[in-house]
Structure formats: structure tokens, C-alpha cells
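Each chain is listed here by its residues.
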Amino acid sequence: MRSRANPLLRTLAAGAAVLASLALAQPAPLRALAEQRGLLIGAAVGGALYDPLEPEYAQILAREFNLVVAENAMKWASLSNERGQYGFAGADALVRFARQHGQRVRGHTLIWHEQLPAWVRNGAFSREAMLAVMQEHIQAVAGHFRGQVAYWDVVNEAVSDRGGLRETPFLRAVGPDYLEHAFRFARAADPQAKLFYNDYGADGINTKSDEIYALLKALKAKGVPIDGVGFQAHLDSTFSPRQARMRENLQRFADLGLEVHITELDVLLRGAGTREERLEAQARVYAEVLEACRAVARCTAVTLWGFTDAYSWRAAAEPLIFDALYRPKPAYHALLRALGGTP
Ligand code: XIL
């Protein structure tokens, strides 16, 4: 019998069929492809996670990524202003979100010279006093998240761009062995977490990465509990991972027995040419970084420093893979292709 169904129902049914076919045509999200390849694909998460006006933020984060890191919420100054007083609400909410969506968590960061409470930054500490301050902080934070954070950036940016260890309150008070103490405190606070050294400007082979290589090799040789190294990869669209020999660089650290992560990837839109050309160049950099990681067996995670240009610490240069209206950019499709998906 020919349908006499009401036209509204017929329209709805036709609409549903169109939607279903669109859903089939949707490419698999990044995390599904990454999971097939045993890779973690992560994003740093900022304040918009619970903004009711921006539901896309949480939707995309849950759909595309299987790893999250707090852009700021786990930094010392975000957790504490006063010695011994910690507020974990913001960071706990992110850990909860990750659990609900089957995502791993990177912890960032325990010992860093920036975003420190004033009393740590400006205090005059003896070696013993500063070691106690570090131990208390690491115990409080890594202890709080024990079993929930898979990877900790234990020490961030300890090597100076001019060579040598960076002048920080920790180096000043303790001396160069503050690093190994930090790793030992972290191991004691959360024996299951994998402990990372993290830095920028060391993505390819250069004098800074040479220096970090020597530093980590010495730490390993001493039996310091360090499991991995993070390369931030704050790049721009004129950067060439191939020319910089990024794969080779990752491989030499892997050969020390370290797990390798790309931890803060973003790519500023820069250089000559039309906007389309710059977007393509940006996409190429994203793809090449991901390929460099995939070529190294111990490289297990690529984390982006955000995902939408609406929220980026360098938003003016549109460095991420979704635009400010949450539309995927060429860089998103390039990552899909680099993971073996179709555009
Ligand atoms: C940045 C955040 O993105 C900003 O929101 C904040 O104001 C400053 O810190 N290297 C790191 C990150 O390890 O923690 C920094 O994050 C970016 C550079």
C-alpha cells in the first residue's frame, strides 16, 4: 500500500536517511585512527571546557583526542599560593572528564621556573630548605593524582637557550642535582606514573637538543628514575621537521631507552604566499611531525597545545587544527591522512 503517511513524517524520515548517510561518510576521528596505530593523540585543555556557550569544545575534545593535559590547571601557581595549601578543583574536573571519555592524562608540570607562587619564586632558600619545598610540592600534587596521571612532566625547560642549566630558583638554591631529586620525589609520590623531562627548541638536532641529550644520558647512567622525554614543538609554518632532522633526533633519545612524546605541538601561520598556501604549509608541518613520531617505535604520543584557534596562547597566529569557529582546517585533514585515514 502506498504510504499515506503524513508529509511531516515522510520529510523527517528522509532527513534521517540523509543524516545517516552523512554519518557514514564522516571520516573516523583522529583518536580512532590513532588507537588503531597504538598512538596517543592529545590536546591541552583550557578554560572553555565547561562553558555552556561553547558545547563544541567538549564535544570535539572527547571525539578527537585520547589524551588530555591541563594547559595551566596543574601548574604550581594554579594549585597553590601558600605553602601547604592546595586547591585541586579545576584539575580534578579535567581528570574526571578524561575518565568519563576514556582518555589518558598527562600531568604538566611539577618543577618549572614559570607560573610559580611568589614565595617560591622570590624566597631565599638554603639547599636543604628548597629540597624540602620541592619534595612537599611534588608529594602533594603527584600524590593527589596518584594512579590517575599516566605521564608527568617532572621538570620543564631546565636547559637554557644559551647553554648550560637555566638560572631558576631551584638551580640557585640546590645546584644542578635538583633535577635528579625532582625525579626521585616524583617516583616516590606516584610509582606508576611515567616521568618525563620536557623542553622546547629541541625538536630537531641542534645545540640545545645535544645538551638535553647529554643531560638525560647522564641522568639515566646515574639510575635516576626518568622514563621519557617530551619535545614541545612550538613551531611555525616555515619550519621543516625533515630539514631539522626531527625523526633522527627523536630516535637518538629513544635509543637511550626513553619513551618519546611530542607534548605541545602548535604551528604559527607564517611566511609568504596566500592564506591558502600558508594553511597548506601549516598542515604539512603537522603531518611531518606526526610522521616523525610514527617512524620512531618508542614515540607514543603527539599532544597539541589546544585544538581550536579560539583558545590558543598564540591565537593571533592561528596555530591549531580547528579554526575559531571549530571548523577543521587543512592541518586537521593532514593529521587524518598521516594517521592513515581518508581526508
Ligand atoms: C602557556 C599557556 O598556554 C598559557 O596559557 C600561559 O599563560 C603560559 O603558559 N611551554 C610550556 C607551557 O611548557 O606550560 C606553556 O603554556 C607554553 C610554553
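Each remark here, short or long, concerns the structure printed above.
What counts, and at which threshold
- Residues numbered from 1 in each chain as written.
- Predicted model: local features only at pLDDT ≥ 70, side-chain atom pairs only at ≥ 80, totals over all residues.
- Heavy atoms only, no water.
- Helix = DSSP H or I, 4+ residues; strand = E, 2+ residues; numbered from the N terminus.
- Rg over C-alpha atoms; globule rule 2.2 N^0.38 Å.
- Contact = heavy atoms within 4.5 Å.
- Areas by Shrake-Rupley, 256 points an atom, 1.4 Å probe, with all protein chains shown as cover.
- Lys, Arg positive; Asp, Glu negative; His and termini not counted.
- Charge placed at Lys NZ, Arg CZ, Asp CG, Glu CD.
- Expected span 1.5 Å × (residues − 1).
- Buried < 20%, exposed > 50% of the residue type's maximum accessible area, 1.4 Å probe, protein only.
- Salt bridge = Lys/Arg side-chain N within 4 Å of Asp/Glu carboxyl O.
- Near = heavy atom within 4 Å.
- Polar contact = N/O pair within 3.5 Å; in protein donor to acceptor, adjacent residues only side chain to side chain.
- Nonpolar A, V, L, I, M, F, W, Y, C, P; charged D, E, K, R; others polar.
- Disulfide = S-S within 2.5 Å.
- Axes fitted to C-alpha atoms, helices over the stretch in contact; angles between N-to-C directions.
- Left-handed = near helix turned anticlockwise from the far one by under 90°.

Novice: Before we go on, may I ask you to explain the overall build of the chain in this structure?
Specialist: Tallying secondary structure elements over the chain gives 13 helices and 9 strands in all. Over its C-alpha atoms the chain spans a radius of gyration of 22 Å, differing by no more than 12% from the 20 Å that the globule rule assigns to 343 residues. With respect to the three principal axes, the spread of C-alpha positions in the chain is 90 × 45 × 35 Å. Within the chain, contacts between residues separated by at least 24 positions form 78% of all contacts whose residues are at least 6 apart in sequence. For the chain, the accessible surface area stands at approximately 15300 Å², while carbon and sulfur atoms represent 53% of it. One way to put it: in the chain the 39 positive side-chain charges average out to a point 5 Å from where the 37 negative ones average out.

Novice: Any chance you could explain helix α5 (residues 89-100) here in plain terms?
Specialist: An α-helical turn contains 3.6 residues, so a residue and the one three or four places further along point in the same direction. For α5, which comprises 12 residues, the first-to-last C-alpha distance of 16 Å matches the rise-based estimate of 16 Å (1.5 Å per residue) to within 8%. Three or more residues of α5 are buried, namely Ala91, Ala93, Leu94, Val95, Phe97 and Ala98. The inward-facing, buried residues of α5 contact β1 (40-45), α3 (55-64), β2 (67-70), α4 (76-79) and β3 (104-111). Phi turns positive, to about 65 degrees, at glycine 102, one or two residues after α5.

Novice: Looking at this structure, I do not really get the pattern of salt bridges. What am I missing?
Specialist: Side-chain pairs of opposite charge can arise where the charged atoms are in close proximity. Tallying each qualifying case throughout the model produces 22 salt bridges. The residue aspartate 210 makes a salt bridge to arginine 252 at a minimum N-O spacing of 2.9 Å. Taken together, the positions of aspartate 210 in helix α10 (residues 207-221) and arginine 252 in helix α11 (residues 246-254) put the pair 42 residues apart, joining distant regions of the chain. Two residues, aspartate 266 and arginine 314, come together in a salt bridge whose shortest N-O distance is 2.8 Å. Of the two residues, aspartate 266 is situated in strand β8 (residues 259-268) and arginine 314 in the loop between β9 (299-304) and α13 (330-338); the sequence distance between them amounts to 48 residues. Beyond isolated ion pairs, a larger network of salt bridges with shared partners links Arg127, Glu128 and Asp177.

Novice: I would appreciate a short explanation of the site of the ligand in the present structure.
Specialist: Around the ligand, the surrounding shell holds 13 residues, and the nearest of these are Glu71, Lys75, His108, Glu264 and Trp305. For the ligand, an oxygen atom lies 2.7 Å from a polar atom in the side chain of histidine 108. Against a free-state accessible area of 410 Å², the protein chains account for coverage of 78% of the ligand. Taken together, the residues of the shell around the ligand sort by class into 3 nonpolar, 6 polar and 4 charged.

Novice: I tried to follow the environment of leucine 49 on my own but got confused; where do I start?
Specialist: Within the secondary structure layout, leucine 49 lies in the loop between β1 and α3. Classification of leucine 49 by relative accessible area gives buried; the value is 7%. Considering only alpha carbons, one finds leucine 49 and leucine 61, 12 residues apart in sequence, at a separation of 8.7 Å. Those residues within four positions of leucine 49 in sequence are excluded, and the remaining contacts are Tyr57, Ala58, Leu61, Leu94 and Phe97.

Novice: I'm lost on the state of the cysteines in this one. Help?
Specialist: Put plainly, two cysteines are in a disulfide when a covalent bond ties their sulfur atoms together. Under the criterion given, the structure shown has 1 disulfide. Each disulfide pairs two cysteine sulfurs, and for cysteine 293 the partner residue is cysteine 299, the sulfurs being separated by 2.0 Å. Here the S-S torsion is close to -105 degrees, and the disulfide linking cysteine 293 with cysteine 299 is therefore left-handed. By relative accessible area, which is 4% here, cysteine 299 ends up buried.

Novice: For this particular structure, what's the right way to read the packing of α11 against helix α12 (residues 275-294)?
Specialist: At their nearest, the axes of α11 and α12 sit 9 Å apart, and the two run at 35 degrees to each other. Helix-helix and strand crossings are classified by hand; for α11 and α12 the assignment is right-handed. For the pair α11 and α12, contact is made by Met246, Arg247 and Leu250 and by Val289, Ala292 and Cys293, respectively.

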